[in-house]
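Summary of structural features
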Amino acid sequence: MLMIRFGPAGIPIGTPGEGTASGIAYCGKIGLGAMEVEFVHGVNMKEGKAREAGEVARKSGVRLSCHAPYYINCCAKEELKIAGSVRHIVSTAQAAFWLGATPIVMHPGFYMGRLPSECYEMVVSTFQRCLDEMEKLKITGVQLGAELTGKKSAYGSLDEIIGLAEEFGGKQVVPVVDFAHYHAREARLKTQDDYARVLERVEKRLGSEASKNFHCHFSGIEAIEAGEKNHLPISSLSPPFEPLARAWVENGWEGKAICESPLLEKDALEMQKIFQKLEKW
Ligand SMILES: [Zn+2]
């Protein structure tokens, strides 16, 4: 069994038929062990369909996660927007619960000219509101995933997302490292050491639990001064995948890697092939 499961961000391009359940079944058929269900433009899945897709995932051995809508802003200046964000996060969590998916990945918010510390307080309080709501609705086993964001104007540096997870004890909130975003926003990733340092920062503050249930995004990326511009196929080697796979294997990391390249499942399979070769070796 592979220590890291690989899968596409959304329904695979080659899926015969339509819908989430077909996409999950197709992932299983081509040998992938994960898939992220995309609610980036809104949550529109009813309970019946979600439970059905969850059942297909269990039968196919595919572990699911979800991506919450892009328009969430947990540190918005207006209460109305915060309340809306809580609603979108909780409905993503509800769908994830029916699907048997975790975590629900989100871009926490935008600085909009404010200090990171000010935004931090607001994001923490919004996350707490979401967790309280989820508890009321008896949504269990679904973690909030704070994603490392690609634009410098967006809340979510590596330290910030680790800090958020730490604030909630590293259980209810987890960091979702997007390596392409890190490459665009913070520092270029090239060598195994570059990757190992990122992993170390996560593990040092969140403990070994974080290295055994890791959830991350990977793809190539076109970077400009403001951060990310476009996601690229992994053949762009910007950043390269193999040194990351080596760092994982050497340090015994376990979890899921979601491929956000435009080639989706084709590149997820490519990443899996690279990882598998190293793991055997
Ligand atoms: Zn994202």
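Here, every reference points to the structure presented above.
Note that this is a predicted model, so its numbers are computed, not measured. Residue indices follow the written sequence of each chain, beginning from 1 at its first position. In view of the model being predicted, local features appear only for residues whose pLDDT reaches at least 70, and side-chain atom pairs are presented and counted only at 80 or more, with totals across whole chains, interfaces and linings using the full set of residues. Side-chain measures here rest on the full set of heavy atoms in the structure, leaving out hydrogens and waters.

1. As for the environment of Gly113
Each helix corresponds to a stretch of at least 4 residues labelled H or I by DSSP, and each strand to a stretch of at least 2 residues labelled E; elements are numbered beginning at the N terminus. Within the element layout of this structure, Gly113 appears in the loop between strand S5 (109–110) and helix H4 (116–136). In this structure, the C-alpha to C-alpha distance between Gly113 and Ser153, residues 40 residues apart in sequence, is 8.5 Å.

2. Considering the environment of Pro12
Along the polypeptide, Pro12 turns up in the loop between strand S1 (4–8) and helix H1 (20–29). Considering only alpha carbons, one finds Pro12 and Glu265, 253 residues apart in sequence, at a separation of 5.6 Å. With near-sequence residues (within four places) excluded, Pro12 lies in contact with Gly23, Tyr26, Cys27, Met35 and Glu265. Residues are treated as being in contact if the distance between any of their heavy atoms lies within 4.5 Å.

3. Examining the sheet that holds strand S6 (residues 144–147)
With parallel pairing, eight strands are arranged side by side in an open sheet as S1-S12-S9-S8-S6-S4-S3-S2. The outermost strands of the open sheet, each flanked by one partner alone, are S1 and strand S2 (34–38). Recorded for the sheet is a direction-independent mean angle of 30 degrees between the axes of neighbouring strands. Here strand S8 (residues 173–178) runs beside strand S9 (residues 214–218); their pairing, made up of three bridges, is parallel. Bridge pairing in S9 places Asp178 opposite His217. Axis definition: a line fit to C-alpha positions, over the contact stretch in the case of helices; interaxial angles, taken between N-to-C directions, run 0 to 180 degrees. Along the sheet face, H4 touches strand S4 (104–106), S6 and S8 and points at about 155 degrees away from the line of S6. We treat two strands as partners when DSSP finds at least two bridges between them.

4. A look at the coordination of the zinc ion
Tetrahedral coordination by four donors puts the ideal angle at the metal at 109.5 degrees, and octahedral coordination by six puts it at 90 or 180 degrees. Only His67 (NE2), His107 (NE2), Glu147 (OE) and Glu147 (OE) from the protein reach the zinc ion as donors, at distances of 2.1 to 2.8 Å. Excluding water, the donors of a metal are its N, O and S neighbours within 2.8 Å, or within 3.2 Å for Na, K and Ca, and that exclusion means sites may look incomplete. Think of it this way: with four donors and all angles in the 85 to 135 degree range, the site is tetrahedral; with four or six donors, opposite ones beyond 155 degrees and the rest between 65 and 115, it is square planar or octahedral; otherwise it is irregular. Around the zinc ion sit four donor atoms, and with donor-metal-donor angles ranging over 51 to 144 degrees the site reads as irregular. Positions of the donor residues of the zinc ion along the chain correspond to the pattern H-x39-H-x39-E. Residue His67 is located in strand S3 (residues 63–67), and its partner Glu147 is located in strand S6; the two are separated by 80 residues in the primary sequence. Relative accessibility under 20% of the residue-type maximum defines a buried residue, over 50% an exposed one, and the middle range a partly exposed one, all with a 1.4 Å probe and only protein chains included. What makes Glu147 buried here is its relative accessible area of 1%.

5. Section: the packing of aromatic side chains
Here a Phe, Tyr or Trp ring, Trp counted by its six-membered ring, pairs with any other such ring whose centre lies within 6.5 Å, and the pair is stacked when the planes are under 30 degrees apart, edge-to-face when over 60, and tilted otherwise. In this structure the tally under the stated criterion is 13 aromatic pairs. Aromatic pair Phe241 and Trp248: ring centres 6.0 Å apart, planes at 70 degrees, arrangement edge-to-face. Accessibility expressed as a relative area gives 2% for Phe241, which makes it buried. Note on Trp248: relative accessible area 0%, which makes it buried.

6. Quick look at the side chain of His67
A residue is classified by how much of its surface remains accessible, and His67, at 2% relative accessible area, is buried. Under the rule applied, a polar contact is a pair of N or O atoms within 3.5 Å (in protein, one hydrogen donor and one hydrogen acceptor; residues adjacent in sequence only if both atoms are side-chain atoms). In this structure the side chain of His67 is engaged in a polar contact, spanning 3.5 Å, whose partner is the backbone oxygen of Val105. With residues near it in sequence (within four places) discarded, His67 still touches Glu36, Val37, Glu38, Phe39, Val40, Thr92, Val105, His107, Glu147 and His217.

7. Considering the packing of helix H2 (residues 47–60) against helix H3 (residues 79–99)
Contact pair H2 / H3: the axes reach a minimum separation of 7 Å and the direction vectors enclose 45 degrees. If you check the angle between H2 and H3, you find them oblique. Residue-level inspection shows Glu47, Ala50, Arg51, Ala53 and Gly54 of H2 in contact with H3, the latter providing Ala95, Trp98 and Leu99. Here the residues of the contact of H2 with H3 sort into five nonpolar, one polar and two charged. Roughly parallel means an angle under 35 degrees; roughly antiparallel means over 145; roughly perpendicular covers 65 to 115; every other angle is labelled oblique. Three classes are used: nonpolar for Ala, Val, Leu, Ile, Met, Phe, Trp, Tyr, Cys and Pro, charged for Asp, Glu, Lys and Arg, and polar for all others, with Gly counted as polar.

8. As for the pattern of salt bridges
Side chains carrying opposite charge are able to pair once their charged atoms draw close together. Any carboxyl oxygen of Asp or Glu that lies within 4 Å of a side-chain nitrogen of Lys or Arg is treated as forming a salt bridge with it. Counted by the stated rule, this structure contains 14 salt bridges. The partner of Glu133 in a salt bridge is Lys136, with the nearest N and O atoms 3.2 Å apart. With Glu133 and Lys136 both in helix H4 and three residues apart, this pair spans about one turn of that helix. In this structure Glu133 comes out as partly exposed when scored by relative accessible area, which is 30%. Residue classification places Lys136 among the exposed positions, given a relative accessible area of 62%. One connected set of salt bridges, linked through shared partners, spans Asp159, Glu166, Arg201 and Arg205.

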